[in-house]
Amino acid sequence: MRFAVLMFRKIFRLRNMPSYAAKVRDLVFYRTEKPAPPLRLQLELASVCNLRCKFCVLSVLRREKKFMPYESVKKILDESKAGYVQLSGIGETFLHPDIARIMRYAKNGGRFVKITTNGLLITGEIAESIVDSGLDMLDVSIDTTDPALYSRIRGADFAKVINNIRTVYDCRNLRKSGLVIRAKHIYNAENIAHLPSDVEKLAELPFDEALFLWVRDIYEGSNQNGQRGEFLPILEKALQKARELKRPGMIEAVNILKETLFSGTTADKCCCEPLYAPYVTVDGDLIPCCKCAMWTLQRPENMNGLKMGNVLTDSFDAVWQSPRAAGIRRAIIENRAAVNFCGTCSKDENAVFRVINRFSRKFIYS
Ligand code: SF4
Ligand code: SF4
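Fair warning: this is a prediction, and the values are worked out from it, not measured in the lab.

Draft legend 1. Inspection of the overall build of the protein chain at higher detail. A tally of regular secondary structure across the protein chain gives 17 helices and nine strands. Looking at the protein chain as a whole, 45% of its 366 residues are labelled buried. Taking contacts inside the protein chain between residues at least 6 apart in sequence as the whole, the part at least 24 apart equals 74%.

Draft legend 2. Local environment of the site of ligand 1. Around ligand 1 sit Cys49, Leu51, Arg52, Cys53, Cys56, Leu58, Ile90, Gly91, Glu92, Asn118 and Ser141, and that is every residue in its neighbourhood. Counted by class, the shell around ligand 1 contains six nonpolar, three polar and two charged residues.

Draft legend 3. Layout of the site of ligand 2. Around ligand 2, the surrounding shell holds 13 residues, and the nearest of these are Cys271, Cys289, Cys342, Cys345 and Lys347. Residue composition of the shell around ligand 2, by class: nine nonpolar, no polar and four charged.

Draft legend 4. Quick peek at helix 3 (residues 70-80). Looking only at helix 3, the buried set comprises Val73, Ile76, Leu77 and Ser80. Burial along helix 3 is one-sided: seen end-on, the buried residues are contained in an arc of 95°. Within helix 3, the exposed residues directed more than 90 degrees away from the buried face are Glu71 and Asp78. Positive phi appears at Lys81, one or two residues downstream of helix 3, with a value of about 60°.

Draft legend 5. Expanded view of the packing of helix 5 (residues 124-133) against helix 7 (residues 158-174). Close contact between helix 5 and helix 7 brings their axes to 9 Å; oriented N to C, the two are set at 45°. It follows that helix 5 is oblique to helix 7 by the angle criterion. Between helix 5 and helix 7 the crossing geometry is right-handed. Judged by residue contacts, Gly124, Ala127, Glu128, Ile130 and Val131 of helix 5 engage Thr167, Val168, Cys171 and Arg172 from helix 7. Of the residues contributing to the contact of helix 5 with helix 7, the split by class is five nonpolar, two polar and two charged.

Draft legend 6. Geometry of the environment of Ile333. With respect to the helices and strands, the residue Ile333 is situated in helix 16 (residues 323-335). Residues Ile333 and Cys272, 61 residues apart in the sequence, show an inter-C-alpha distance of 5.8 Å. When residues no more than four places from it in sequence are discounted, the contact partners of Ile333 are Thr32, Cys272, Pro274 and Leu275.

Draft legend 7. Spotlight on unusual backbone geometry. Even without a glycine there, the phi angle at Lys81 is positive, about 60°. Positionally, Lys81 belongs in the loop between helix 3 and strand 2 (84-86).

Draft legend 8. Broad picture of the pairing of strand 3 (residues 112-117). Among the six residues of strand 3, six are classified as buried, and the element is accordingly described as predominantly covered. Both faces of strand 3 are covered, namely the face carrying Phe112, Lys114 and Thr116 and the face carrying Val113, Ile115 and Thr117. Two strands pair when backbone bridges link them, and strand 2 and strand 3 are joined in this way by three bridges, in the parallel orientation. Among the inter-strand pairings, Gln86 is bridged to a residue of strand 3, identified as Lys114.

Draft legend 9. Here's a closer look at the environment of Glu64. By secondary structure assignment, the location of Glu64 is in the loop between strand 1 (40-43) and helix 3. Residue Glu64 is classed as exposed on the basis of its 8 C-beta neighbours within 10 Å. Separated by 18 residues in the primary sequence, Glu64 and Ala46 have C-alpha atoms spaced 10.0 Å apart.

Draft legend 10. Spatial organisation of the sheet that holds strand 7 (residues 279-280). Spatially, nine strands are ordered 6-5-4-3-2-1-7-8-9 in an open sheet, and the strand pairing comes out mixed. Of all the strands in the sheet, the pair left with one neighbour each is strand 6 (209-214) and strand 9 (309-310). One ladder, built from three bridges, connects strand 1 with strand 2; its direction is parallel. The residue bridging Leu41 from the neighbouring strand is Val85, located in strand 2. Strands strand 5 (180-187) and strand 6 of the sheet are contacted by helix 11 (residues 248-261), whose axis makes an angle of about 10° with strand 6.

Draft legend 11. Main features of the nonpolar core. Leu43, Val85, Leu87, Leu138, Val168, Ile181 and Val254 are the most contacted members of the largest nonpolar core, which totals 95 residues. Among the elements that line this core, the one with the most residues is helix 13 (residues 290-298), at six residues. Ignoring any residue separated from it by four or fewer positions in sequence, one finds Leu87 in contact with Leu43, Leu45, Thr93, Ile102, Met103, Ala106, Val113 and Ile115.

Basis of the calculations
Residues numbered from 1 in each chain as written. Chains lettered and ligands numbered in written order. Predicted model: local features only at pLDDT ≥ 70, side-chain atom pairs only at ≥ 80, totals over all residues. Helix = DSSP H or I, 4+ residues; strand = E, 2+ residues; numbered from the N terminus. Buried ≥ 20, exposed ≤ 12 C-beta atoms within 10 Å, placed from the backbone. Contact = placed C-beta atoms within 7 Å. Near = placed C-beta within 6 Å. Nonpolar A, V, L, I, M, F, W, Y, C, P; charged D, E, K, R; others polar. Arc of directions from axis to C-beta. Axes fitted to C-alpha atoms, helices over the stretch in contact; angles between N-to-C directions. Parallel < 35°, antiparallel > 145°, perpendicular 65-115°, else oblique. Left-handed = near helix turned anticlockwise from the far one by under 90°. Pairing = 2+ DSSP bridges. Core = buried A, V, L, I, M, F, W, Y, C linked by C-beta atoms within 7 Å.

In short, the description is geometric, and any link to function would need to be established separately.
Here's what the structure looks like:
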């Protein structure tokens, strides 16, 4: 419920209405050349992580240890004018030495701010800085509620992460902040059988909501979607549990996972993310979305085709509105099947953006 209220507030906050209206205009008129500022921006603050999760690109790649400097973060936040900012990418945000200052700065601009973390570095002091900064959402990647499986997947101690999150949860309740804490689970063939018990156990843990994703969708593309009938009984059982527990957020999370696993082919879907939700790497490279970030890490040769420009060496607008960025956006929105990784990605827009996209492709752009 807290999540639903928060999302309602976020979407309908009057000050954001012009941005949403501008983005709908961009989509209707295919303004891929000079679009309005992004609605949502994802910033990769740290290139390193304290974990080596089994399914993560970082378990096979060694990255140079880097943090995006505080002044660079400020520059990008100020210039991009995005109303929704995610202060995390591939790497652990709470390793950043200036994270408390960055959270405060991002929130002082009145933005909706979210962080995704593995939760293992959250001390009492960090918990206070999270709550006091006014952060809106904290996603904690745990993948399972089974301690032994957690240890196998993430190589860490489940009791420790839950203890850390409880510290934030209690601090949030004490100070009556609006922070929403979500458990983020990335499922694959190894942990999907645990979904029904996860739904049950999460109700007892210090989380308000859950976000369930499928691994292939994130790290490999999802051209195998629609062939996962063996998982249907598990998903139905999880839905049943969520209904018994009367957790609408959990029902929604299971339904989203189900849609990903049983979605149609790429040709039936549309993606407009490069128009409204780009990603900035720790080096300042602007690319179409977070999945492209994972893809280009695994295949650096693809970076050339997806890099819109660098928002640290140039102004954000100069990159966002450049002919190069326009060409990348246009290629993905019009025919993503021809853009390597996008051709296997399961991304599909919500009903509103999908209808607008189909309308504009048929009547305006064709
Ligand atoms: S999945 Fe997240 S926590 Fe795990 S290694 Fe990758 S970046 Fe780190
Ligand atoms: S289709 Fe391409 S741009 Fe869209 S979400 Fe997938 S990888 Fe990103």
